[in-house]
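A closer look at the structure
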Amino acid sequence: MSNERLFPQRGSDRESVRERLLEFKGRDISEALGRLNVYCHKGSEELDQLRRDAYGIFAHSNAFLAGYMDGMGTMQAEVLQMALEILNGPVESCAFITTGGTESIFCAMHTAREWAKVERPVPGRPQVMLPYSGHVAFDKACQFLEMDIVRIPVRDDYRADVAAMEAAITPNTIAIVGSAPNWPYGTIDPIADIAAVAQRHHLWMHVDACVGGFINPWLERLGYDIPLFDFRVPGVMSMSADLHKHGYASKPCSTVLYRSRAVEPYHFVEVDDWPDGPYKTAGFVGSRPAASVATAWSVMKYLGESGYVALTRECMEVRQKLVEGIENIEDLKCLQNDSTMIYFRSETLDMPTLIGGMVEKGYFPFGVFNPMMLQLIPEPVPDEMIDTYLAALKEVASGVREGTVTSTALARYA
Ligand SMILES: Cc1ncc(COP(=O)(O)O)c(C=O)c1O
C-alpha cells in the first residue's frame, strides 16, 4: 500500500472523474489487432454501440435477482434458450449464466464431482482427465474441489490423444474433457472419440467450448470442416461456452450447459441453515451483472444467425490476409488449426527476440510457451491495420535475422 492518501475528503465533479477515466483508458494498449490482440471480441463499432446501450439500461441491475424479476428473468431465460438452440441441446437440456469460462468450468466440474458421488463412486480422490492443451481453469476448479488433474500429452497435430487418455483411466477417474477448440493451439479435440471413451467407462464428459461455442456453428455454416463438438455427440454431458468471447457480449458472461435437467441437483449448492433462509444461486458467485446478460441478449437478437455468420466470414477473411502475410515473411510459419485464431512461430529465428522486438514496437504479443508461438485473434479490421501489423512483423523479423533487434522482453500473463 502506498503512503499517499488517494481517497478524497470531498468528491469531485462528474466531468473530472470522467476525464480521469478516459486518461486511464488512454494509457492502456489499444484493443486493436496485434496491439492487444486477445480478449477483445469487439466485433464492430455497431456492436460496440449496441452493447453500450444495453449495458446502460441494466447498469444497476443484479442478476442475482433474476428469479424474482419478470423482465430480467425473461431476458436471461431467452439468452439460455438461444444458447441451447445454437449448441443443439435436447429438449431436456438446461443451462445457467456464469461470469466467464472459468466459472462455467468450475460449475461443470463441481456437478461432475457431485454426480460421481452418486453415479460413479470412486475409491480415492477423484481425478479429471484432460489433454495437455486443456485450459488452466480446470486446474483451478480441481484444486478448489479437491480433485486431481491428469493431463495427457497431445498428438503431434496438437489434438487430444484419445487412446492415451483411455489407457490412463484409473478407478478414480470421474470425468474426461475435450476442448473445441483449446486456447493454446486452436485445435478441436476428437470430441466424438472422447465421448465414446466416456460412455464405455461411465465417465462424465465435458466439452470446453468457451472459445468455440458461439463461433464453431457459424464456421460450420460457412463450410469449414468443424467436427461435431456439441450435444449432437452422444455422451457429452456438459459444455462451457462463453458469450463474452465470440458471442460478442460484454464481460463477464458465459454459459454452462447440461444435456439433462436431471443433473440440476448436483449443480446447485442449496443452503437453508443461516439467518436468511433458503439460498441458491445459478453459479458460484452471488451478485452478478444483469448488464452483461443484456448485452448478450441484444447482440444475439440484433445479429441473429445470419449476422453471426457474416461476422465470422469477415473474421476469416482477415485471418486469411494475415496468414498469407505472415507466411510471406521469411522464416515465419503458421500452425494449422480449427479456429479463427492464428498461431505462428519461427524455427530459425529466436522467438523470445522476435517477441521482444514486437513489444518494442508497442505490441502486446500474446502467445504460447510450448512451443513458443505468437497468437492473434482476427477481428474485422481495416486493411491498413493488417498492413501495419505485417510491416512491423517483417521489420522485426529482419532485425532479428540481422542481429539489430536484441531485446528479449517478454509480454507475460499478468
Ligand atoms: C478454451 C478456454 N476455456 C476457458 C477459458 C477461461 O475463460 P475466462 O477467461 O472467461 O474465465 C478460456 C479463456 O481464454 C479459454 O480459452
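Residues numbered from 1 in each chain as written. Predicted model: local features only at pLDDT ≥ 70, side-chain atom pairs only at ≥ 80, totals over all residues. Heavy atoms only, no water.

As recorded in an unreviewed UniProt entry, the protein chain goes by Aminotransferase class V-fold PLP-dependent enzyme and comes from Microbulbifer taiwanensis. Reading the Sequence similarities (unreviewed entry) entry of the UniProt record for the protein chain gives the comment "Belongs to the group II decarboxylase family. Sphingosine-1-phosphate lyase subfamily." (UniProt positions renumbered as here; feature names shortened; annotations may be inferred.)

Moving on: the pairing of strand 4 (residues 173–179). Counting buried positions along strand 4 yields seven of seven residues, so the element is predominantly enclosed. Here strand 2 (residues 127–131) runs beside strand 4; their pairing, made up of three bridges, is parallel. Within strand 4, the residue paired with V128 across the bridge is A175. Two strands pair when backbone bridges link them, and strand 4 and strand 5 (residues 204–208) are joined in this way by five bridges, in the parallel orientation. Within the sheet, the bridge partner assigned to S179 lies in strand 5 and is D208. On the question of chirality, the crossover connecting strand 4 to the parallel strand 5 by way of helix 7 (residues 191–201) is right-handed. (Buried < 20%, exposed > 50% of the residue type's maximum accessible area, 1.4 Å probe, protein only. Helix = DSSP H or I, 4+ residues; strand = E, 2+ residues; numbered from the N terminus. Pairing = 2+ DSSP bridges. Right-handed = clockwise from strand over helix to strand, strands pointing away.)

Now for the nonpolar core. Core analysis: the biggest nonpolar cluster contains 63 residues, and I176, M205, V236, M239, L243 and L257 have the highest contact counts within it. By residue number, the principal contributor to this core is helix 10 (residues 290–328), which donates 13 residues. Those residues in contact with L243, other than ones at most four positions away along the chain, are V79, I97, F214, Y248, A249, C253, S254, T255, A296 and M300. Judged by nonpolar contacts, the second largest core, of 29 residues, contains A137, A175, Y266 and F268. (Core = buried A, V, L, I, M, F, W, Y, C linked by side-chain atoms within 4.5 Å. Contact = heavy atoms within 4.5 Å.)

Attention now moves to the sheet that holds strand 10 (residues 367–369). Strand order in the open sheet formed by four strands is 8-9-11-10, with antiparallel pairing between adjacent strands. Lying at the two open borders of the sheet, with one neighbouring strand each, are strand 8 (333–334) and strand 10. For strand 10 and strand 11 (residues 372–376), the ladder comprises three bridges, and the chain directions are antiparallel. If you follow G367 over to strand 11, its bridge partner there is L374. Of the strands in this sheet, strand 8, strand 9 (342–345) and strand 11 touch helix 10, which is tilted by about 5° from strand 9. (Axes fitted to C-alpha atoms, helices over the stretch in contact; angles between N-to-C directions.)

To continue, consider the domain arrangement of the protein chain. For the protein chain, the assigned domains read domain 1 (51–301) and domain 2 (314–401). Using C-alpha coordinates to define each centre, domain 1 is positioned 30 Å away from domain 2. Counting from both sides, the interface comprises 18 residues of domain 1 and, opposite them, 18 residues of domain 2. Both sides together, the interface formed by domain 1 and domain 2 hides about 1,400 Å², and carbon and sulfur atoms give 60% of it. When the area that domain 1 buries against domain 2 is broken down by residue, the three leading residues are Y158, W183 and Y185, summing to 35%. The tally of links from domain 1 across to domain 2 stands at one salt bridge. The partner of D338 in a salt bridge is R159, and the shortest N-O contact between them spans 2.8 Å. (Domains from an automatic or database assignment. Buried area = accessible area lost by both parts, 1.4 Å probe. Salt bridge = Lys/Arg side-chain N within 4 Å of Asp/Glu carboxyl O.)

Sheet architecture is open: seven strands sit in the order 1-7-6-5-4-2-3, paired in mixed fashion. On the outer flanks of this sheet lie strand 1 (94–98) and strand 3 (148–152), each paired with one strand and no other. Averaged over neighbouring strand pairs, the angle between their axes works out to 20° when direction is ignored. Helix-sheet contacts for helix 3 (residues 70–86) involve strand 1 and strand 7 (254–258), and the interaxial angle to strand 1 is about 120°. Contacts from helix 7 reach strand 4 and strand 5, with the element oriented near 170° to strand 4.

Glancing now at helix 4 (residues 101–119). Here helix 4 spans 26 Å end to end across 19 residues, near enough to the 27 Å set by a 1.5 Å rise per residue. Counted residue by residue, helix 4 has 14 buried out of 19 residues, so it is predominantly covered. (Expected span 1.5 Å × (residues − 1).)

What follows deals with the packing of aromatic side chains. All told, the structure shown has 14 aromatic pairs when counted by the stated rule. Between W183 and F366, the ring centres sit 6.3 Å apart and the planes meet at 80°, which makes this aromatic pair edge-to-face. Taken together, the residues W183 in the loop between strand 4 and helix 7 and F366 in the loop between helix 11 (351–360) and strand 10 connect sequence positions 183 residues apart. Residue W183 shares its accessibility class with F366, and that shared class is buried. Ring plane angle 85° and centroid distance 5.7 Å describe the contact between W274 and Y279, whose orientation is recorded as edge-to-face. Y279 sits in the partly exposed class, given a relative accessible area of 31%. In textbook terms, an aromatic cluster arises when at least three aromatic residues are bridged by ring pairs, as seen for F96, W115, W204, Y258 and F268. The ring centre of F268 lies 4.2 Å from the NZ or CZ of K280, which sits over that ring. (Phe/Tyr/Trp six-rings, centres within 6.5 Å; stacked < 30°, edge-to-face > 60°. Lys NZ or Arg CZ within 6 Å of the ring centre and 35° of its normal.)

Here we take up the pattern of salt bridges. Summed over the entire model, instances satisfying the criterion amount to 22 salt bridges. Measuring nitrogen to oxygen at the nearest pair gives 3.0 Å for the salt bridge that ties K117 to E114. Residue K117 and its partner E114 are located together in helix 4, separated by three residues, close to a single helical turn. Classification of K117 as exposed rests on a relative accessible area of 52%. For R232, the salt bridge is made with D230, and the minimal N-O distance between the two is 2.9 Å. Its relative accessible area of 0% is what places D230 among the buried residues. The network of salt bridges with common partners includes R155, D157, R159 and D338.

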